[in-house]
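These are the residues of each chain, in order.
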Amino acid sequence: MTNGPRIAVVGASGAVGEVMLELLAQRKHPAANISALASARSAGQDVEYGRKQLTMEDLADFDFSAVDYALFSAGGSVSKEHAPRAAKAGAIVIDNTSAFRYDDDIPLTVPEVNPGSLDAVGPGSIIANPNCSTIQMVVALAPIHAAVGISRVNVATYQSVSGAGRRGLNELAQQTAGRLNFREPEMNAFVQPIAFNVLPQIDEMLENGYSREEMKMLWETQKILGDERIAVSATAVRVPVFYGHAEAVHLETREEIDIETVRELLREAPGVTLLDSDVTEHPTPVTHAAGKDDVFVGRLRRDLSHPRGICMWVVADNVRKGAALNAVQIMEWLEARSSATVKEGLQA
């Protein structure tokens, strides 16, 4: 037992919840106590926490007054019901769903990009984790926007099936096996076959012809970067990859900047690994992103169709950096701030 924070992971039986626990163990987080919470259906089952096993507790009966941080990743309806309850009990809630992202009073945070959004956060607060595809893009865009401003982004995403949870992972595996054995695919997680296919729709379609997943990238990019003038047009595509999202990003800057300066900005940017020296090996979900913490950038080049245009290829592990790690990093940032405040008080 330590004097560290008390943490609850909500949705511990899900793909993101499991990675949250994995990260806390890998990073040797000095937690005083970690509670794994799930629905009544999963309560009583064990989940891995490093070399230990945690027995999952029923979320509905859990007392959040015994918790400092509650990391939620159990679906929007669960967050809407239980996150306010946890915050009212005094916990700092970090929510991985879209339930609170567009509330003006709730910070939408990527620690490498806008840690200042956490300045007013204290016990009883809710913080929103952005969408996985937005997180990796803004980590790459932020240093460029800070230097010369970005006026427009056109992005096509190639998103893995893990973005749809275990159902998506299982469906790709089952359909792949079925196709190789000349069986017709059965659809459950997706409305069309995903094995050996690409699906140009993620989430529901809206009246403007864009999917909600695509509009998230507009709404969230503007909020995170604090600039409603940034225009974003996205095409979100599901591809038959288990883990890791890729994005072809085309951006236009407000001021001129040479490509070598962009290269240096990305090399120095926190959370970015630039792979731009080898003309034959480029970052991919399987060979670089899966299981890694960083956002990988490659194919950096000048856009020949626009005088201030820049093109890049951005890859990251959507479950890790796009969800679990970002939440853990937010918590670690708040802990570091709290420790610094205590130290200053002792020195005063």
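### Section: unusual backbone geometry
Of note, Lys28 is a non-glycine position whose phi angle comes to about 50°, a positive value. Locating Lys28 in the fold gives a position in the loop between helix 1 (15-26) and strand 2 (33-38). Here Phe196, not a glycine, exhibits a phi torsion of approximately 55°, which is positive. With respect to the helices and strands, the residue Phe196 is situated in the loop between helix 4 (165-180) and helix 5 (212-225). Classification of Phe196 by relative accessible area gives exposed; the value is 59%.

### Digging into the side chain of Gln222
Secondary-structure assignment places Gln222 in helix 5. In this structure the side chain of Gln222 is engaged in a polar contact, spanning 3.1 Å, whose partner is the backbone oxygen of Glu228. Contacts of Gln222, omitting those with residues within four sequence positions, involve Asp227, Glu228 and Ile230.

### Considerations on the packing of helix 3 (residues 132-148) against helix 5
Their axes nearest at 10 Å, the elements helix 3 and helix 5 cross at an angle of 40°. By the criterion of interaxial angle, the relationship of helix 3 to helix 5 is oblique. Note on packing geometry: the crossing formed by helix 3 with helix 5 is right-handed. Across the interface between the two elements, Ser133, Thr134, Met137, Val138, Ala142 and His145 from helix 3 touch Glu213, Lys216, Met217, Glu220, Thr221, Ile224 and Leu225 from helix 5. Looking at the contact of helix 3 with helix 5, its residues break down into 6 nonpolar, 4 polar and 3 charged.

### Some words on the sheet that holds strand 14 (residues 309-316)
Overall, mixed pairing links the 6 strands, which are arranged 10-9-11-14-13-12 in an open sheet. Because the sheet does not close on itself, it has two edges, and the strands there are strand 10 (231-238) and strand 12 (272-274). Sheet twist, expressed as the average angle between the axes of neighbouring strands with direction ignored, equals 20°. Here strand 12 runs beside strand 13 (residues 295-302); their pairing, made up of 3 bridges, is parallel. Note that in strand 13 the partner of Leu274 across the bridge is Val297. Of the strands in this sheet, strand 9 (150-159), strand 11 (245-253), strand 12, strand 13 and strand 14 are in contact with helix 3, which crosses strand 11 at around 25°. Most of the contacts of helix 5 go to strand 10, to which it runs at about 145°, and overall it touches strand 9, strand 10 and strand 11.

### What to know about the nonpolar core
Phe64, Val153, Val249, Leu251, Val297 and Met312 are the most contacted members of the largest nonpolar core, which totals 56 residues. With near-sequence residues (within four places) excluded, Leu251 lies in contact with Leu141, Ile144, Ile150, Arg152, Val153, Arg308, Gly309, Ile310 and Met312. Val16, Leu23, Ile94 and Ala327 belong to the second-largest nonpolar core, a separate cluster that totals 33 residues.

### Focus on a negative patch on the surface
A cluster of like negative charges, contributed by Asp103, Asp104, Asp105 and Glu228, occupies part of the molecular surface. Asp103 sits in the partly exposed class, given a relative accessible area of 33%.

### With respect to the sheet that holds strand 5 (residues 57-58)
If you walk across this open sheet you meet the 6 strands as 5-2-1-6-7-8, and the pairing is parallel. Each of the sheet's edge strands pairs with one partner strand only, and the pair in question is strand 5 and strand 8 (126-128). Of the strand pairs in this sheet, strand 2 and strand 5 are connected by 2 bridges, and their pairing is parallel. Residue Ala38 lies in a different strand from strand 5, and its bridge partner there is Asp58. Contacts from helix 1 reach strand 1 (6-10), strand 2 and strand 6 (69-72) within the one sheet, and its direction differs from that of strand 1 by about 155°. Running over the sheet, helix 2 (residues 76-88) touches strand 6, strand 7 (92-95) and strand 8 and is turned about 170° from strand 6.

### Observations regarding the side chain of Asn96
Checked against the element boundaries, Asn96 lands in the loop between strand 7 and strand 8. Among the polar contacts listed, one links the side chain of Asn96 to the side chain of Ser73, at a separation of 3.4 Å. Those residues in contact with Asn96, other than ones at most four positions away along the chain, are Val16, Phe72, Ser73, Arg101, Asn129, Gly322 and Ala323.

### Considerations on the environment of Gly298
Mapped onto the elements, Gly298 comes out in strand 13. Expressed as a C-alpha distance, the spacing of Gly298 and Cys311, which sit 13 residues apart in the sequence, is 9.3 Å. Residue contacts for Gly298: discarding those within four places in its chain leaves Leu275, Pro283, Met312 and Trp313.

### Here's the deal with the pattern of salt bridges
Between side chains of opposite charge, a pair can form when the charged atoms approach closely. Scanning the entire structure with this criterion turns up 17 salt bridges. In this structure, Arg101 and Glu220 form a salt bridge, with 3.3 Å as the shortest nitrogen-oxygen distance. Of this pair, Arg101 sits in the loop between strand 7 and strand 8 while Glu220 sits in helix 5, placing them 119 residues apart in sequence. Residues Arg101 and Glu220 agree in their burial class; the two are buried. A salt bridge links Asp203 to Lys216, with the nearest nitrogen and oxygen atoms 3.4 Å apart. Residue Asp203 is located in the loop between helix 4 and helix 5, and its partner Lys216 is located in helix 5; the two are separated by 13 residues in the primary sequence. The buried category is assigned to Lys216, whose relative accessible area is 9%. By sharing partners, the salt bridges in this structure join Glu22, Arg27, Asp293, Arg320 and Glu332 into a single network.

Rules of the game
- Residues numbered from 1 in each chain as written.
- Predicted model: local features only at pLDDT ≥ 70, side-chain atom pairs only at ≥ 80, totals over all residues.
- Heavy atoms only, no water.
- Helix = DSSP H or I, 4+ residues; strand = E, 2+ residues; numbered from the N terminus.
- Buried < 20%, exposed > 50% of the residue type's maximum accessible area, 1.4 Å probe, protein only.
- Polar contact = N/O pair within 3.5 Å; in protein donor to acceptor, adjacent residues only side chain to side chain.
- Contact = heavy atoms within 4.5 Å.
- Axes fitted to C-alpha atoms, helices over the stretch in contact; angles between N-to-C directions.
- Parallel < 35°, antiparallel > 145°, perpendicular 65-115°, else oblique.
- Left-handed = near helix turned anticlockwise from the far one by under 90°.
- Nonpolar A, V, L, I, M, F, W, Y, C, P; charged D, E, K, R; others polar.
- Pairing = 2+ DSSP bridges.
- Core = buried A, V, L, I, M, F, W, Y, C linked by side-chain atoms within 4.5 Å.
- Patch = residues over 30% accessible without salt bridge, like charges linked within 9 Å, V, L, I, M, F, W, Y side chains within 5 Å.
- Areas by Shrake-Rupley, 256 points an atom, 1.4 Å probe, with all protein chains shown as cover.
- Salt bridge = Lys/Arg side-chain N within 4 Å of Asp/Glu carboxyl O.
- Lys, Arg positive; Asp, Glu negative; His and termini not counted.
- Charge placed at Lys NZ, Arg CZ, Asp CG, Glu CD.

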